[in-house]
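Descriptive analysis of the structure
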Amino acid sequence: NAQMANSKYEYTRTFETPHPLLPNTYIILRIDGRSFSTFSQTHNFRKPNDPRALSLMNAAASRTLQALPDIPIAYGVSDEFSFLLPRRCTLFDRREDKLISTLVSTFTGWYVFLWPRHFSPEEEPLRAPPSFDCRAVCYPSRGNVRDYFAWRQVDAHVNNLYNTAFWALVLKGGVGRREAEEELRGTFARDKNELLFSRFGINYNDEEAMYKKGSVVFRDYGVVEEDQEKGGEEEEEETTAVPEVKSKTQKEKEKKRAKKAKIVTEHVDIINDEFWEKRPWLLE
Ligand code: ATP
Ligand code: ATP
Ligand code: MG
Ligand code: MG
Ligand code: MG
Ligand code: MG
Ligand code: MG
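Here the structure is a predicted model, which means the values were calculated and not measured.

**Quick word on the pairing of strand β2 (residues 73-77)**
Across the 5 residues of β2, 5 count as buried, placing the element largely inside the fold. Of the two faces of β2, the one holding Ile73, Tyr75 and Val77 and the one holding Ala74 and Gly76 are both buried throughout. Inspection of the sheet shows β2 paired to strand β5 (residues 215-220) by 4 bridges, in the antiparallel sense. What sits directly across from tyrosine 75, in β5, is valine 216. Taken together, the 4 bridges between β2 and strand β3 (residues 80-85) define a ladder with antiparallel strand orientation.

**Observations concerning the site of ligand 2**
Surrounding ligand 2, one finds 15 residues, the nearest of these being Phe36, Ser37, Phe45, Asp50 and Ala53. For the shell around ligand 2, the elements supplying multiple residues, two or more each, are β1 (26-33), α1 (36-42) and α2 (51-67). Looking at the shell around ligand 2 residue by residue, the class counts come to 4 nonpolar, 6 polar and 5 charged.

**A word on the nonpolar core**
If you look at the biggest cluster of nonpolar residues, it comprises 39 residues, and the most contacted ones within it are Leu29, Ala61, Ala74, Phe83, Leu84 and Phe107. Contributing elements (two or more residues each) for this core: β1, α2, β2, β3, α3 (96-118), α4 (142-172) and β5. Core analysis: the second largest hydrophobic core is formed by 6 residues, Leu161, Ala165, Ala168 and Leu169 among them.

**Description of unusual backbone geometry**
A cis amide bond links lysine 47 to the next residue, proline 48, at an omega of 0°. Structurally, proline 48 is set in the loop between α1 and α2. Positioned with a positive phi, phenylalanine 92 is a non-glycine residue whose angle comes to about 50°. Structurally, phenylalanine 92 can be placed in the loop between β3 and α3.

What counts and how
- Residues numbered from 1 in each chain as written.
- Chains lettered and ligands numbered in written order.
- Predicted model: local features only at pLDDT ≥ 70, side-chain atom pairs only at ≥ 80, totals over all residues.
- Buried ≥ 20, exposed ≤ 12 C-beta atoms within 10 Å, placed from the backbone.
- Helix = DSSP H or I, 4+ residues; strand = E, 2+ residues; numbered from the N terminus.
- Pairing = 2+ DSSP bridges.
- Near = placed C-beta within 6 Å.
- Nonpolar A, V, L, I, M, F, W, Y, C, P; charged D, E, K, R; others polar.
- Core = buried A, V, L, I, M, F, W, Y, C linked by C-beta atoms within 7 Å.

By themselves, these are just geometric observations and shouldn't be taken as functional.
Written as structure tokens, this is what we have:
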């Protein structure tokens, strides 16, 4: 601001310590609801999975992708969402504080704003302000990014199987919470599947995909046929010692294209290659 320049107080700006994130690396920003165990009780979230709460998280994530066109994909489960920024992203000059604070407040703003569309305002008004934390982590390779998302999705599966069994025992089996916890301690996946089926007639495979797989929110430019994109992709990772500098017009063009693309939400496997191979732009 021109009026503010050159005052004798301006030197205080030199105390700022910007922290730009490592160039030429993917950035993943993960938000997580603060004390959502309590927040979910306050708002009577259904156990183990409240579909209203999940659809609200997905809607807030979708609006966040709209607001920040650099983000190609995000993955969410429970009270968390992970947002990917491309290797060559230059948003806010990659400053960590700007990226984290803008992302988490954009998401939180939308979460609050959209609440009444997902929870009936009469039955379940917002009774307390939700807040989220956020961290940024740099990943140097596509493989690391793939493994990161696989980690979150495996975590989602393990937690959901446990929670489904736990709440079946408590809500349908009339078992106390402590007893249920004891009964599940040390059990393997097949034991929980067996317990669900034999005691409650629940086939875990028939559970909602949103609960089992979490939610993938991404820009959809259509899919690329597998043989079309194979070959060139592998080489590319090796030839990027110097980050590619894009012209301003090129960046503007990409931004326009990203803004026009449909943002979709799917509950699909992102551990195997298929999802990523069909959408190579997600890991550019
Ligand atoms: P950036 O995203 O870079 O911060 P910005 O548009 O928010 O961009 P700022 O330098 O933060 O730019 O300036 C905030 C602007 O918001 C002010 O220039 C002013 O136009 C407007 N503004 C903020 N608060 C008020 C207010 N209370 N009344 C009128 N205008 C306001
Ligand atoms: P922290 O502040 O450390 O993150 P937290 O209480 O949020 O604490 P988390 O490990 O993030 O702990 O767990 C989030 C909790 O929120 C879950 O354990 C679950 O009880 C609840 N929760 C989140 N989303 C839903 C949902 N859709 N349906 C039911 N419960 C949910
Ligand atoms: Mg300002
Ligand atoms: Mg936590
Ligand atoms: Mg939390
Ligand atoms: Mg959490
Ligand atoms: Mg401002």
